[in-house]
Amino acid sequence: MLSLAGLFTAALVAATLLPAQSEAVLAGMVVVGSHPVWLLLAVATAGNVLGSILNWAAGRYLMHLSDRSWFPVSRARLDQAADWYGRWGRWSLLGSWVPVIGDPLTLAAGLLREALWRFTLIVTIAKGGRYLAVAGVTIAAA
């Protein structure tokens, strides 16, 4: 159970603006084989989606603090994510799994007031798909 909590935590942190490698944790746990792959996918996806929801909430409620020096995302990165989101709309959230742009994109979705239910649905598809691909490649390579 502790290992599942570790996977959940790694996935949650990886989806926030803090650096983490949940894919490596998932791949390692798939190789070890101590839990069913479907369970690992569910736990990793749940943690990662929750982290993205925290980003959405930060975008929705904390953007008035974005000019502070301690704010974890630069104004240029936020503007880039908002431009991307403005150009592609909610479907850009399918790219929320992409390193570097995915986390600011989820912040932009909150800033631009994307509905939480729609945000969660699209991000779950994107993040779950990424973990499914990681597990598939890991199984194929093992």
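Coordinates for the structure precede this section.
Residues numbered from 1 in each chain as written. Predicted model: local features only at pLDDT ≥ 70, side-chain atom pairs only at ≥ 80, totals over all residues. Heavy atoms only, no water.

Undergrad: Would you mind showing me how to read the environment of Ile-139 here?
TA: Among the structural elements, Ile-139 can be located in helix H6 (residues 116-141). Distance from Ile-139 to Val-31, taken between C-alpha atoms, is 7.3 Å for residues 108 residues apart in sequence. When residues no more than four places from it in sequence are discounted, the contact partners of Ile-139 are Val-30 and Val-37. (Helix = DSSP H or I, 4+ residues; strand = E, 2+ residues; numbered from the N terminus. Contact = heavy atoms within 4.5 Å.)

Undergrad: It is not clear to me how the layout of surface pockets should be interpreted in this structure. Could you clarify?
TA: One simple way to see leftover space: roll a probe sized like a water molecule over the atoms. In this structure, the largest pocket spans a volume of roughly 410 Å³. Taken together, 24 residues make up the lining of the largest pocket; nearest its centre are Ala-14, Thr-16, Pro-99, Val-100 and Asp-103. Looking at the lining of the largest pocket, the elements that each hand over two or more residues are helix H1 (2-15), helix H2 (22-32), helix H5 (102-111) and H6. A total of three residues in the lining of the largest pocket trace back to one element, the largest contributor, which is H5. When its residues are assigned to classes, the lining of the largest pocket shows 13 nonpolar, six polar and five charged. (1 Å grid on protein atoms, 1.4 Å probe; cavity = no way out; pocket = protein on both sides within 12 Å on 5 of 7 lines; lining within 4 Å. Points joined across faces, edges and corners; volume = space filled by probe spheres on them. Nonpolar A, V, L, I, M, F, W, Y, C, P; charged D, E, K, R; others polar.)

Undergrad: Just checking my understanding: could you explain the side chain of Ser-92 for this structure?
TA: Mapped onto the elements of the fold, Ser-92 is located in the loop between helix H4 (75-88) and H5. When its relative accessible area of 5% is taken as the criterion, Ser-92 is described as buried. In contact with Ser-92, other than residues within four places in its own chain, are Trp-84, Tyr-85 and Leu-105. (Buried < 20%, exposed > 50% of the residue type's maximum accessible area, 1.4 Å probe, protein only.)

Undergrad: So what exactly am I meant to see when it comes to the pattern of salt bridges here?
TA: When charged atoms on two side chains of opposite charge get close, those side chains can pair. All told, the structure shown has three salt bridges when counted by the stated rule. Here Arg-130 and Glu-23 are joined by a salt bridge, their closest N and O atoms 3.2 Å apart. Of this pair, Arg-130 sits in helix H6 while Glu-23 sits in helix H2, placing them 107 residues apart in sequence. Overall, the relative accessible area of 22% leaves Glu-23 in the partly exposed class. In this structure, Glu-114 and Arg-90 form a salt bridge, with 3.3 Å as the shortest nitrogen-oxygen distance. Of this pair, Glu-114 sits in the loop between H5 and H6 while Arg-90 sits in the loop between H4 and H5; the two residues are 24 residues apart in sequence, bridging distant segments of the chain. In the salt-bridge network here, residues are joined through shared partners; they are Arg-90, Glu-114 and Arg-118. (Salt bridge = Lys/Arg side-chain N within 4 Å of Asp/Glu carboxyl O.)

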